[in-house]
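Summary of structural features
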Amino acid sequence: MKALYVDRQTWQHRLPPRLKLIVLVTVSVAVFLLDRPLPLAIAALAGAACYFSAGMGLREALRRLIPALVTIVAVALFTLLFQSAAQAVTALLRLTALMLFAGAVTATVSITQFMDEITLAATPLEKAGLARAADIGLASALVVRFVPEILGRYEAISQAQAARGVRPRALATLMPLIILTLRDADSIAAAIDARGFRQP
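Model, not experiment: these values are computed from the prediction. (Residues numbered from 1 in each chain as written. Predicted model: local features only at pLDDT ≥ 70, side-chain atom pairs only at ≥ 80, totals over all residues. Heavy atoms only, no water.)

**Concerning the overall build of the protein**
- Helix and strand content of the protein: nine helices and zero strands.
- When the helices and strands of the protein are listed from N to C terminus, the series reads α-α-α-α-α-α-α-α-α.
- Put simply, the protein has 200 residues, and 30% of those count as buried.
- Total accessible area on the protein stands at roughly 12600 Å², and carbon and sulfur atoms take up 69% of it. (Helix = DSSP H or I, 4+ residues; strand = E, 2+ residues; numbered from the N terminus. Buried < 20%, exposed > 50% of the residue type's maximum accessible area, 1.4 Å probe, protein only. Areas by Shrake-Rupley, 256 points an atom, 1.4 Å probe, with all protein chains shown as cover.)

Written as C-alpha coordinates, this is what we have:
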(Lines give C-alpha, C1' and ligand atoms only; values in the text may rest on other atoms or scores of the structure.)
Protein backbone atom coordinates (compact mmCIF):
# COMPACT_ATOMS: atom_id res chain seq x y z
CA MET A 1 0.00 0.00 0.00
CA LYS A 2 1.14 3.50 -0.78
CA ALA A 3 1.92 6.07 1.89
CA LEU A 4 2.23 9.83 1.70
CA TYR A 5 5.35 9.94 3.88
CA VAL A 6 8.66 10.25 2.04
CA ASP A 7 11.60 8.77 3.94
CA ARG A 8 14.35 11.29 3.22
CA GLN A 9 16.74 13.48 5.21
CA THR A 10 15.77 16.99 4.15
CA TRP A 11 15.70 20.10 6.33
CA GLN A 12 11.94 19.68 6.66
CA HIS A 13 12.29 16.12 7.94
CA ARG A 14 14.59 17.41 10.69
CA LEU A 15 12.01 19.88 11.98
CA PRO A 16 9.86 18.72 14.93
CA PRO A 17 6.52 17.23 13.73
CA ARG A 18 4.63 19.41 16.20
CA LEU A 19 6.12 22.56 14.73
CA LYS A 20 5.13 21.53 11.21
CA LEU A 21 1.56 20.76 12.26
CA ILE A 22 1.29 24.08 14.12
CA VAL A 23 2.59 25.93 11.05
CA LEU A 24 0.06 24.09 8.87
CA VAL A 25 -2.83 25.06 11.15
CA THR A 26 -1.59 28.67 11.25
CA VAL A 27 -1.26 28.85 7.47
CA SER A 28 -4.72 27.27 7.05
CA VAL A 29 -6.28 30.00 9.17
CA ALA A 30 -4.20 32.77 7.62
CA VAL A 31 -5.02 32.00 3.98
CA PHE A 32 -8.73 32.16 4.74
CA LEU A 33 -8.31 35.50 6.46
CA LEU A 34 -6.46 36.94 3.45
CA ASP A 35 -8.51 38.08 0.46
CA ARG A 36 -5.91 39.89 -1.68
CA PRO A 37 -4.15 38.08 -4.55
CA LEU A 38 -0.60 39.29 -3.80
CA PRO A 39 -0.21 37.85 -0.26
CA LEU A 40 -2.01 34.69 -1.35
CA ALA A 41 0.36 34.33 -4.31
CA ILE A 42 3.32 34.74 -1.93
CA ALA A 43 1.82 32.04 0.32
CA ALA A 44 1.38 29.74 -2.69
CA LEU A 45 5.02 30.28 -3.74
CA ALA A 46 6.20 29.57 -0.19
CA GLY A 47 4.09 26.42 -0.16
CA ALA A 48 5.56 25.35 -3.49
CA ALA A 49 9.09 25.91 -2.16
CA CYS A 50 8.35 23.70 0.85
CA TYR A 51 6.54 21.04 -1.15
CA PHE A 52 9.11 20.62 -3.91
CA SER A 53 11.97 20.48 -1.38
CA ALA A 54 10.38 17.66 0.64
CA GLY A 55 12.54 14.98 -0.97
CA MET A 56 10.26 13.78 -3.77
CA GLY A 57 11.21 13.52 -7.41
CA LEU A 58 9.52 16.05 -9.67
CA ARG A 59 7.34 13.42 -11.38
CA GLU A 60 6.14 11.96 -8.08
CA ALA A 61 5.53 15.41 -6.62
CA LEU A 62 3.40 16.45 -9.60
CA ARG A 63 1.54 13.13 -9.66
CA ARG A 64 0.44 13.62 -6.07
CA LEU A 65 -0.99 17.05 -6.85
CA ILE A 66 -3.22 16.02 -9.75
CA PRO A 67 -6.36 14.90 -7.81
CA ALA A 68 -6.31 18.00 -5.60
CA LEU A 69 -5.55 20.32 -8.52
CA VAL A 70 -8.53 19.01 -10.47
CA THR A 71 -10.78 19.84 -7.52
CA ILE A 72 -9.21 23.27 -7.02
CA VAL A 73 -9.61 24.20 -10.70
CA ALA A 74 -13.23 23.04 -10.58
CA VAL A 75 -13.89 25.25 -7.54
CA ALA A 76 -12.18 28.21 -9.25
CA LEU A 77 -14.25 27.75 -12.42
CA PHE A 78 -17.44 27.48 -10.38
CA THR A 79 -16.51 30.69 -8.56
CA LEU A 80 -15.76 32.42 -11.86
CA LEU A 81 -19.15 31.44 -13.29
CA PHE A 82 -21.24 32.45 -10.29
CA GLN A 83 -19.22 35.24 -8.65
CA SER A 84 -16.31 37.14 -10.19
CA ALA A 85 -12.86 36.71 -11.72
CA ALA A 86 -11.20 38.31 -8.68
CA GLN A 87 -12.89 35.87 -6.31
CA ALA A 88 -11.99 32.96 -8.59
CA VAL A 89 -8.30 33.95 -8.50
CA THR A 90 -8.49 34.32 -4.73
CA ALA A 91 -10.01 30.87 -4.34
CA LEU A 92 -7.44 29.34 -6.70
CA LEU A 93 -4.46 30.86 -4.87
CA ARG A 94 -5.88 30.16 -1.41
CA LEU A 95 -6.58 26.48 -2.04
CA THR A 96 -3.32 25.99 -3.93
CA ALA A 97 -1.30 27.40 -1.03
CA LEU A 98 -3.16 25.20 1.43
CA MET A 99 -2.67 22.12 -0.77
CA LEU A 100 1.08 22.69 -1.11
CA PHE A 101 1.70 23.26 2.59
CA ALA A 102 -0.42 20.23 3.50
CA GLY A 103 1.45 18.16 0.92
CA ALA A 104 4.78 19.20 2.42
CA VAL A 105 3.64 18.21 5.90
CA THR A 106 2.25 14.82 4.89
CA ALA A 107 5.46 14.08 2.99
CA THR A 108 7.68 14.86 5.98
CA VAL A 109 5.62 13.63 8.96
CA SER A 110 5.33 9.87 9.38
CA ILE A 111 2.08 8.18 10.37
CA THR A 112 3.51 7.32 13.80
CA GLN A 113 4.56 10.92 14.43
CA PHE A 114 1.22 12.21 13.21
CA MET A 115 -0.69 9.80 15.46
CA ASP A 116 1.42 10.74 18.49
CA GLU A 117 0.80 14.46 17.98
CA ILE A 118 -2.93 14.07 17.42
CA THR A 119 -3.20 11.83 20.48
CA LEU A 120 -1.38 14.44 22.57
CA ALA A 121 -3.59 17.23 21.25
CA ALA A 122 -6.71 15.20 22.10
CA THR A 123 -5.60 14.55 25.70
CA PRO A 124 -7.82 17.36 27.11
CA LEU A 125 -10.85 15.64 25.58
CA GLU A 126 -9.94 12.42 27.36
CA LYS A 127 -9.45 14.22 30.66
CA ALA A 128 -12.90 15.77 30.21
CA GLY A 129 -14.35 12.31 29.62
CA LEU A 130 -15.49 13.12 26.08
CA ALA A 131 -13.32 10.71 24.07
CA ARG A 132 -10.24 8.52 24.18
CA ALA A 133 -7.21 10.38 22.90
CA ALA A 134 -5.63 7.18 21.53
CA ASP A 135 -8.76 6.42 19.48
CA ILE A 136 -8.76 9.90 17.94
CA GLY A 137 -5.07 9.59 17.07
CA LEU A 138 -5.55 6.15 15.55
CA ALA A 139 -8.61 7.22 13.52
CA SER A 140 -6.83 10.33 12.20
CA ALA A 141 -3.75 8.33 11.24
CA LEU A 142 -5.86 5.73 9.42
CA VAL A 143 -7.61 8.44 7.39
CA VAL A 144 -4.31 10.00 6.33
CA ARG A 145 -2.79 6.58 5.66
CA PHE A 146 -5.54 5.22 3.43
CA VAL A 147 -6.50 8.29 1.38
CA PRO A 148 -3.78 7.58 -1.22
CA GLU A 149 -4.77 3.90 -1.22
CA ILE A 150 -8.40 4.75 -2.00
CA LEU A 151 -7.34 7.18 -4.72
CA GLY A 152 -5.07 4.52 -6.21
CA ARG A 153 -7.91 2.01 -6.29
CA TYR A 154 -10.18 4.55 -7.93
CA GLU A 155 -7.61 5.04 -10.69
CA ALA A 156 -7.15 1.27 -11.08
CA ILE A 157 -10.91 0.66 -11.36
CA SER A 158 -11.29 3.48 -13.88
CA GLN A 159 -8.41 2.14 -15.99
CA ALA A 160 -9.81 -1.40 -15.86
CA GLN A 161 -13.20 -0.19 -17.05
CA ALA A 162 -11.60 1.83 -19.84
CA ALA A 163 -9.60 -1.22 -20.95
CA ARG A 164 -12.84 -3.21 -21.21
CA GLY A 165 -14.43 -0.45 -23.24
CA VAL A 166 -16.90 0.46 -20.48
CA ARG A 167 -18.04 4.05 -20.55
CA PRO A 168 -17.01 5.82 -17.34
CA ARG A 169 -19.96 6.16 -14.98
CA ALA A 170 -19.92 7.32 -11.38
CA LEU A 171 -22.05 4.44 -10.08
CA ALA A 172 -20.04 1.76 -11.91
CA THR A 173 -16.82 3.16 -10.46
CA LEU A 174 -17.95 4.00 -6.94
CA MET A 175 -19.73 0.75 -6.11
CA PRO A 176 -16.67 -1.55 -6.39
CA LEU A 177 -14.58 1.14 -4.68
CA ILE A 178 -16.99 1.29 -1.73
CA ILE A 179 -17.12 -2.50 -1.47
CA LEU A 180 -13.32 -2.81 -1.46
CA THR A 181 -12.98 0.00 1.08
CA LEU A 182 -15.55 -1.52 3.43
CA ARG A 183 -13.87 -4.91 3.14
CA ASP A 184 -10.54 -3.34 4.11
CA ALA A 185 -12.21 -1.50 6.97
CA ASP A 186 -13.47 -4.80 8.40
CA SER A 187 -10.02 -6.34 8.09
CA ILE A 188 -8.37 -3.36 9.77
CA ALA A 189 -10.92 -3.35 12.60
CA ALA A 190 -10.34 -7.06 13.19
CA ALA A 191 -6.56 -6.54 13.22
CA ILE A 192 -6.88 -3.66 15.71
CA ASP A 193 -9.07 -5.75 18.03
CA ALA A 194 -6.75 -8.76 17.72
CA ARG A 195 -3.76 -6.68 18.81
CA GLY A 196 -5.62 -5.08 21.71
CA PHE A 197 -4.91 -1.51 20.63
CA ARG A 198 -8.21 -0.29 22.06
CA GLN A 199 -8.12 -2.18 25.34
CA PRO A 200 -8.37 -0.03 28.51
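**Focus on the packing of aromatic side chains**
- Enumeration according to the criterion identifies two aromatic pairs in this entry.
- Arranged with centres 5.2 Å apart and planes meeting at 85°, the rings of Y51 and F52 form a pair that is edge-to-face.
- Ring centres of F78 and F82 lie 4.6 Å apart, and the angle between their planes is 40°; on these two criteria the pair is classed as tilted. With F78 and F82 both in helix 4 (residues 58-82) and four residues apart, this pair spans about one turn of that helix. (Phe/Tyr/Trp six-rings, centres within 6.5 Å; stacked < 30°, edge-to-face > 60°.)

**Some points on helix 2 (residues 17-33)**
- Helix length check: helix 2 (17 residues) gives 25 Å between terminal C-alpha atoms against 24 Å at 1.5 Å per residue, within 8%.
- Considering only its buried residues, helix 2 is in contact with helix 1 (11-14), helix 3 (37-51), helix 5 (85-108) and helix 6 (111-121). (Expected span 1.5 Å × (residues − 1). Contact = heavy atoms within 4.5 Å.)

**Some thoughts on the pattern of salt bridges**
- In this structure the tally under the stated criterion is two salt bridges.
- A salt bridge links E60 to R64, with the shortest nitrogen-to-oxygen separation between them at 2.9 Å. Here E60 pairs with R64, and both are found in helix 4, just four residues apart, close to one helical turn.
- Judged by relative accessible area, E60 falls into the partly exposed class, the value being 28%. (Salt bridge = Lys/Arg side-chain N within 4 Å of Asp/Glu carboxyl O.)

**Notes on the nonpolar core**
- Core analysis: the biggest nonpolar cluster contains 26 residues, and V31, Y51, M56 and L100 have the highest contact counts within it.
- Mapped by element, the contributors of at least two residues to this core are helix 2, helix 3, helix 4 and helix 5.
- Broken down by element, this core gets its largest block of residues, eight residues, from helix 5.
- Setting aside anything within four residues of it in sequence, one finds M56 in contact with V6, Y51, A61, R64 and A107. (Core = buried A, V, L, I, M, F, W, Y, C linked by side-chain atoms within 4.5 Å.)

**Let's talk about the confidence of the model for the protein**
- Averaged over all residues, the pLDDT of the protein is 80; the fraction at 70 or higher stands at 74%.
- In the model of the protein, helix 9 (residues 170-194) stands out as the element of lowest mean pLDDT, 66, in contrast to helix 3, which has the highest, 93. (pLDDT = per-residue confidence, 0-100.)

**Structural notes on the side chain of R94**
- Summarising the element assignment, R94 is placed in helix 5.
- Here R94 occupies a buried position and makes no salt bridge, while the nearest side chain of opposite charge, D35, is found at 6.3 Å.
- Within polar-contact distance, the side chain of R94 engages the backbone oxygen of V31 at 2.7 Å.
- Non-local contacts of R94, meaning those with residues more than four positions away in its chain, are made with V31, F32, L34, D35 and L40. (Lys, Arg positive; Asp, Glu negative; His and termini not counted. Polar contact = N/O pair within 3.5 Å; in protein donor to acceptor, adjacent residues only side chain to side chain.)

**Some remarks on the environment of R64**
- In sequence terms R64 and G103 are 39 residues apart; their C-alpha atoms lie 8.4 Å from each other.
- A polar contact of 2.9 Å, which involves the side chain of R64, links it to the side chain of E60.

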